[in-house]
Amino acid sequence: MEAPPVTVMPVTGGTINMMEYLLQGSVLDQALESLLHRLRGLCDNMEPETFTDHELVYLLKGQQGNPFILRARRSLSHPTSPWHLRYLGQPEVGDKSRHALVRNCVDVAASHSLPEFLNEMGFRMDHEFVANGHIFRKGAMKIVVSKLSRILVPGNTDNTERLSLSYLVELSVLAPAGQDTVSEDMRSFAEQLKPLVHLEKIDPSKQRH
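All values derive from a computational prediction rather than experimental measurement.

Attention shifts here to the overall build of the protein. When its secondary structure is counted, the protein shows three helices and nine strands. Beginning at the N terminus, the succession of helices and strands in the protein can be written as β-α-β-β-β-β-α-β-β-β-β-α. Relative to all contacts within the protein whose residues are 6 or more apart in sequence, the contacts with residues 24 or more apart total 70%. In the form shown here, the protein has an accessible surface area of approximately 10,800 Å², with 52% of it arising from carbon and sulfur atoms.

Quick look at the nonpolar core now. One broad trend across soluble globular proteins is that nonpolar side chains are buried collectively. If you look at the biggest cluster of nonpolar residues, it comprises 28 residues, and the most contacted ones within it are Tyr21, Leu39, Leu171 and Phe189. Among residues more than four places away in sequence, those in contact with Leu39 are Phe136, Ile143, Val145, Phe189 and Leu193. By size, the runner-up hydrophobic cluster in this structure holds nine residues, among which are Leu56, Tyr58, Leu85 and Leu114.

Evaluation of the coordinates by the stated rule reveals 13 salt bridges. A salt bridge links Asp107 to Arg86; the nearest nitrogen and oxygen atoms lie 3.4 Å apart. Placement of the pair is Asp107 in strand E5 (residues 101–110) and Arg86 in strand E4 (residues 83–88), with a sequence separation of 21 residues. Using a relative accessible area of 9% as the deciding quantity, one classes Asp107 as buried. Under the relative-accessibility criterion, Arg86 is labelled buried at 9%. With its nearest N and O atoms 3.8 Å apart, the salt bridge here joins Arg124 to Asp126. With a relative accessible area of 40%, Arg124 lands in the partly exposed category.

The next thing to look at is the packing of aromatic side chains. Tallied over the entire structure, the rule returns two aromatic pairs. Taking 5.3 Å as the distance between ring centres and 10° as the angle between the ring planes, the aromatic pair formed by Phe68 and Tyr87 counts as stacked. With Phe68 in strand E3 (residues 68–75) and Tyr87 in strand E4, the pair connects residues that are 19 residues apart, well separated along the chain. The exposure class of Phe68 is partly exposed, given its relative accessible area of 38%. It is Lys147 that lies over the ring of Tyr167; its NZ or CZ is 4.6 Å from the centre.

Moving on, we get to helix H3 (residues 181–192). Along H3, the residues that are buried comprise Val182, Ser183, Met186, Phe189 and Ala190. Taken around the axis of H3, the buried residues stretch over an arc of 120°, which confines them to a single face.

Moving on, we get to helix H1 (residues 32–42). For H1, every residue scored as buried is listed here: Leu32, Leu35, Leu36, Leu39 and Leu42. All buried residues of H1 lie within an arc of 125° about the axis, which places them on one face of the element. Opposite the buried face of H1, by more than 90 degrees, sit the exposed residues Glu33, His37 and Gly41.

Each value, and the rule that gives it
- Residues numbered from 1 in each chain as written.
- Predicted model: local features only at pLDDT ≥ 70, side-chain atom pairs only at ≥ 80, totals over all residues.
- Heavy atoms only, no water.
- Helix = DSSP H or I, 4+ residues; strand = E, 2+ residues; numbered from the N terminus.
- Contact = heavy atoms within 4.5 Å.
- Areas by Shrake-Rupley, 256 points an atom, 1.4 Å probe, with all protein chains shown as cover.
- Core = buried A, V, L, I, M, F, W, Y, C linked by side-chain atoms within 4.5 Å.
- Buried < 20%, exposed > 50% of the residue type's maximum accessible area, 1.4 Å probe, protein only.
- Salt bridge = Lys/Arg side-chain N within 4 Å of Asp/Glu carboxyl O.
- Phe/Tyr/Trp six-rings, centres within 6.5 Å; stacked < 30°, edge-to-face > 60°.
- Lys NZ or Arg CZ within 6 Å of the ring centre and 35° of its normal.
- Arc of directions from axis to C-beta.

Okay, here's the thing in structure tokens:
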């Protein structure tokens, strides 16, 4: 089964039906402080926002084709905040000259009964994880540096295990369809982060889950 690359955007407000422009990379744990220092110098916020989120990925299998995927996310740092429900479309493959992956993104706030609602609609939870890290901003660009952890006991976010010895780094912009010039701005920003991290346009055909 092919699916869009996993993205780990934290719960920071809702957006309705926009296009997400995305570059991704990773950095080893021992290089984290060097990357954060570089980002502090380049971004608008000297001190990044921090987050700890719990994400559940739900599937709805149809008669044929790939299952429909929705992502439910809640903040563990701010437990009274609304949940967020995200749909990420299949990446557009038309324009090879784009410097970033482009896909449709629908993000809406929801009540705390979201998991129960999805279950009643026939969705099945496929997997869940905890993401924690830092958020930097540069104009319309958002840079998220996060550590992913698997949940060892379903639903117990206190019992986790880190997935790797690296941090996921994501550079993204949400914009209306047709704003392809933002990918050039993203490429220029990504160049300034080398050689600490190499942010790339993910080839969806090579992403299998």
